[in-house]
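Residues per chain, in single letters:
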Protein chains: 2
Amino acid sequence: MASWQQYLNDNQARFVDEMLAFFRIPSVSSLPEHAADVQAAGEWVAERMKQAGIENIEILPTGGHPVVYGDWLHAPGKPTILIYGHFDTQPTDPEELWKSPPFEPRIEGDRVYARGASDDKGNMLVPILAVEALLQSEGKLPLNLKFLFEGQEEIGSPQLPPFMVKHRERFACDLAVSADGGQWAEDQPELNVAARGLCALQVDVKGPDVDLHSGIYGGTVQNPIHALATILAALHDEEGHITVPSFYDQVRPVTEDDRAKIGAVPFDADGYKDRLGINALFGESGYNTYERAWARPTLEVNGIWGGFTGAGMKTVLPAEAHAKITCRLVADQDPAQIAQLVKAHIERLSPPGVTVNVTIFENAAYPYRSPSDHAGNRAAHVVLEELYGKPPYYTRTGGSVPLLTLFYRELGAQTVTFGFGLPDENIHSPNEFWRLSSFRKAQQGYCLLLQELATVQAK
Amino acid sequence: MASWQQYLNDNQARFVDEMLAFFRIPSVSSLPEHAADVQAAGEWVAERMKQAGIENIEILPTGGHPVVYGDWLHAPGKPTILIYGHFDTQPTDPEELWKSPPFEPRIEGDRVYARGASDDKGNMLVPILAVEALLQSEGKLPLNLKFLFEGQEEIGSPQLPPFMVKHRERFACDLAVSADGGQWAEDQPELNVAARGLCALQVDVKGPDVDLHSGIYGGTVQNPIHALATILAALHDEEGHITVPSFYDQVRPVTEDDRAKIGAVPFDADGYKDRLGINALFGESGYNTYERAWARPTLEVNGIWGGFTGAGMKTVLPAEAHAKITCRLVADQDPAQIAQLVKAHIERLSPPGVTVNVTIFENAAYPYRSPSDHAGNRAAHVVLEELYGKPPYYTRTGGSVPLLTLFYRELGAQTVTFGFGLPDENIHSPNEFWRLSSFRKAQQGYCLLLQELATVQAK
């Protein structure tokens, strides 16, 4: 029997062909006219899993786009790993900006252009191929595997939370590995160990019943825009700290180790400013830019409106003013609790003469934080260092990844994000591509990771 | 020869018929399709002036709707008074809310319903009738009169400023009397002695080139809405004073006499709050509501916008935020200078990481303040007290009346506002009406006023 490495080498041309066939299915989850294509992509995945030797394959209903399940559970005493990916894609508009049709994959040098190539069809196909290579070369896997491939990630996985609650037993595992992710650069791996959470609110300030003539009434009535501006201005102090009482109580401090790991990630301040078109960095004092984006919570006003907003001037004292606020949260802040704290503080700040209403939106996400020295991260670190010849950066995501907290809260499992997308691959944009070199490196990486994880103590 | 009072009595039925004929001309100045009607109203006025015995009547071009001039200048050594009014009207929409067609006057009891009845056709017709009564009963007028009746008041008199500069000599006078105004109540006269000025600005705050993902970038970049809110909140202190340096330098203090005159005007705080739908009064500390509206300058944000303002939430850190500001000014503030002070202060308040641009709009108006003991006001006081049996309230206008400052700046003349509209007469709204009792009282008032003014020293 050849080694798994030999098997990967021998079958690479076929794997590429299969990947291109997968890319041809226009599985755009946001467009109702592509619902059957999303289903077809799920069926394609199920069939390919079966060929690879994965067992108990099922296409499970969710109420929306389906989930494909499969497992291989013949390694008693070994950990059980849940592998995650998604087979749906973003839409393709504006289509005229694509150099070739988004669902007719085109190979150019090391690159294969297609919608979904990097995010996430190419990446999610890899663990299936790695399993096939291990089974074909060694007759068995070194640990127990379960698979959860979904078809609704690009629309925010609306049915996944109740689905996970319902199927908690089926997906029980020691660790999750997400094939939906990337690396820092072609020659630099990364390990993403945290994502921020989210809570969202709207502030509605009501003054007089109707817009008033600013001549007749100006100066005698509280102006709702003044009231709102005063409230919003008071939510941060001059140092950029959030003034909401108890806001930081559950925030895990940035430790010396955190500082060192974040500090190891190169940051180009001038490039950052140029790219965003700003003349200065800004943020909470005592923290640098990556610490602010990755390890500290925020309170941002996302939108504001009130009164006259047309061209020229109109002398009104407006009846109302409104603002939308989201907070990005870090472990161990609770989104519902933080939203309540912000709401209560805004209500306390409300001046006389106006009525202030604060609505908490249901959109909320828990922050996620996986210990950098967690066994899963240690295993991934070893594999990435072997693949790239250098240790990974320990990065974090300033945004929210609901999946990570879903697996943590419903299955009690941490998630290692182990994907091979790169930042320049135009995901969610025209001319998305993936690298064939990443495709091969990813297959090798997954074979190595499954072997490495087999040595980890179950939970 | 009968007395002017007898003449008024004898001709009242004819005067009412003439007024109704005047009301039938649909002289809506804002609608191009009514331009010929505005012209026709001017011609009607010129013809009626001629019948009354007014001389040198001309319809003068302005580049827009015309001005009607006339004079009677046979009282050497006596003052020259300029009488002002306008023969154009507001539009009539929403027409379906009118109980009878707006240009088919309808008399119901003491009320005559028509667009323009109170504002200002009824009022502006009166001095012509008063002149006729005086000439017919006494053969001459007790002073010199000039008339300026315009057809573009309801669109802001755009051509009047250059017109006045051009015709400064023609309109030279000792005092102006505006027939475009009203009284406090059916049984309570008022004398309006001031109007506030105006300057207007827009603040544009620019942060990153595009809206940013609030997860990836939130906390690392100055948020333009935060910057704008902080700037706007800093424009007033907690006591409601405006913080712009030198803003109050030219403001005439509210004297004990001002306080007493303003305090004599009854103010119903609960009624004011109920009518506006607010739960508390608010304004600059140290001043009451009328003082705030009439005698103190303001800085009001009229509108604000930036970022996401749709339904639900969107996690953006916005690229831009904007606000519109107007200041109401009191004598002797200069609108151009105040706008510069506000602009400079906002620029000083601008935080790092954003670019703040302040644009000064051309819309500006000087404040107007006529000394309460000015000879013109003293004369009007005497007449109003005789007509109503009680002294007038000394009121002011919180809004701007460009005409008053135009006459003051171009002719060096103060203006006595001497009109007989009442606050409930739906001016600018459906079912505008005027009172026939006001029409008669106004005729008597103008005869008395011209006699009283004849005793005043020329300037």
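Residues numbered from 1 in each chain as written. Chains lettered and ligands numbered in written order. Predicted model: local features only at pLDDT ≥ 70, side-chain atom pairs only at ≥ 80, totals over all residues.

Some points on the sheet that holds strand β17 (residues 415-417) of chain B
Residues and elements named next belong to chain B. The strand order across the open sheet formed by six strands is β1-β2-β6-β3-β7-β17, and the pairing between neighbours is mixed. If you trace the sheet from one side to the other, it starts and ends with β1 (55-60) and β17, each paired once. Between one strand axis and the next, the sheet turns by 20 degrees as a mean value, whatever way the strands run. Here strand β3 (residues 80-86) runs beside strand β7 (residues 175-178); their pairing, made up of four bridges, is parallel. Within β7, the residue paired with Tyr84 across the bridge is Ser178. (Pairing = 2+ DSSP bridges. Helix = DSSP H or I, 4+ residues; strand = E, 2+ residues; numbered from the N terminus. Axes fitted to C-alpha atoms, helices over the stretch in contact; angles between N-to-C directions.)

Comments concerning helix α3 (residues 117-138) of chain A
Residues and elements named next belong to chain A. Its 22 residues place the ends of α3 29 Å apart at the C-alpha level, agreeing with the 32 Å of an ideal helix rising 1.5 Å per residue. Most of α3 sits inside the fold, with 18 of its 22 residues counted as buried. A positive backbone phi angle near 80 degrees is found at Gly139, which sits one or two residues after α3. (Expected span 1.5 Å × (residues − 1). Buried ≥ 20, exposed ≤ 12 C-beta atoms within 10 Å, placed from the backbone.)

With respect to the pairing of strand β9 (residues 197-206) of chain B
Residues and elements named next belong to chain B. Summarising burial for β9: seven of the ten residues are buried, a large majority. Across ten bridges, the pairing between β9 and strand β13 (residues 320-329) is antiparallel. The residue of β13 that forms the bridge with Lys206 is Glu320.

Concerning unusual backbone geometry
A negative phi angle characterises most non-glycine residues, just as the trans form characterises most peptide bonds. Here the bond from Asp119 of chain B into Asp120 of chain B is cis, since omega is 5 degrees, no more than 30 degrees from zero. Note that Asp120 of chain B resides in helix α3 (residues 117-138). Backbone geometry places Ser157 of chain A, a non-glycine residue, at a positive phi of 50 degrees. The residue Ser157 of chain A is located in the loop between β6 (144-150) and α4 (160-166) in this model. Positive phi values are uncommon outside glycine, yet Asn431 of chain B reaches one of about 65 degrees. Within the fold, Asn431 of chain B resides in the loop between β17 and β18 (433-435).

Let's talk about the confidence of the model for chain A
Per-residue pLDDT for chain A averages 96, and the proportion of residues at 70 or more is 99%. Under the prediction, the complex receives an ipTM of 0.91, its pTM being 0.90. (pLDDT = per-residue confidence, 0-100.)

Regarding helix α9 (residues 335-349) of chain B
Residue and element names in this part refer to chain B. Helix length check: α9, at 15 residues, gives a terminal C-alpha distance of 21 Å against a target of 21 Å (1.5 Å per residue), a fit within 8%. Every buried residue of α9 is listed here: Pro335, Ile338, Ala339, Leu341, Val342, Lys343, His345 and Ile346. On its buried face, α9 sits against β9, α5 (224-233), β11 (298-307), β13 and β14 (355-365). (Contact = placed C-beta atoms within 7 Å.)

What to know about the nonpolar core
Proteins that are soluble and globular tend to have nonpolar side chains buried together. Counting 268 residues, the largest nonpolar core has Val203, Leu228 and Leu449 of chain A together with Val203, Leu228 and Val342 of chain B as its most contacted members. Those residues in contact with Leu228 of chain B that sit more than four places away from it in its chain are Val203, Val205, Gly306, Ala321 and Ala323 of chain B. (Core = buried A, V, L, I, M, F, W, Y, C linked by C-beta atoms within 7 Å.)

Notes on the interface of chain B and chain A
Buried accessible area, meaning the area lost when the parts come together, often serves as the stated size of an interface. With 67 residues of chain B at the interface, the matching set in chain A holds 67 residues. When contributions to the side of chain B that touches chain A are tallied by element, the ones reaching two or more residues are β10 (212-213), α5, α8 (289-294), β11, β12 (316-317), β13 and β14 of chain B. At nine residues, β11 of chain B tops the list of elements feeding residues into the side of chain B that touches chain A. For the side of chain B that touches chain A, a count of residues per class yields 27 nonpolar, 31 polar and nine charged. Here five bridges tie strand β11 (residues 298-307) of chain A to β11 of chain B, and the two strands are oriented antiparallel to one another. Within β11 of chain B, the position partnered with Ile304 of chain A by the bridge is Gly306 of chain B. (Nonpolar A, V, L, I, M, F, W, Y, C, P; charged D, E, K, R; others polar.)

A look at the relation of the copies chain B and chain A
Superposing chain B onto chain A takes a rotation of 180 degrees plus a shift of 0.0 Å along the axis, which leaves an RMSD of 0.1 Å. In symmetry terms, the pair is related by a two-fold rotation axis. Both copies share a contact surface, since 100% of the interface residues of chain B are interface residues in chain A too. (Least-squares fit on C-alpha atoms with pLDDT ≥ 70 in both.)

Digging into the packing of α3 of chain B against helix α12 (residues 436-453) of chain B
Residues and elements named next belong to chain B. Relative orientation of the contacting elements α3 and α12 amounts to 55 degrees, with a least axis distance of 8 Å. Judged on the interaxial angle alone, α12 and α3 are oblique. The chirality of how α3 crosses α12 is right-handed. Where α3 abuts α12, its residues Gly122, Asn123, Val126, Pro127, Leu129, Ala130, Ala133 and Leu134 lie against Phe439, Ala442, Gln443, Tyr446, Cys447 and Leu450. Of the residues belonging to the contact of α3 with α12, the class tally is eleven nonpolar, three polar and no charged. (Parallel < 35°, antiparallel > 145°, perpendicular 65-115°, else oblique. Left-handed = near helix turned anticlockwise from the far one by under 90°.)

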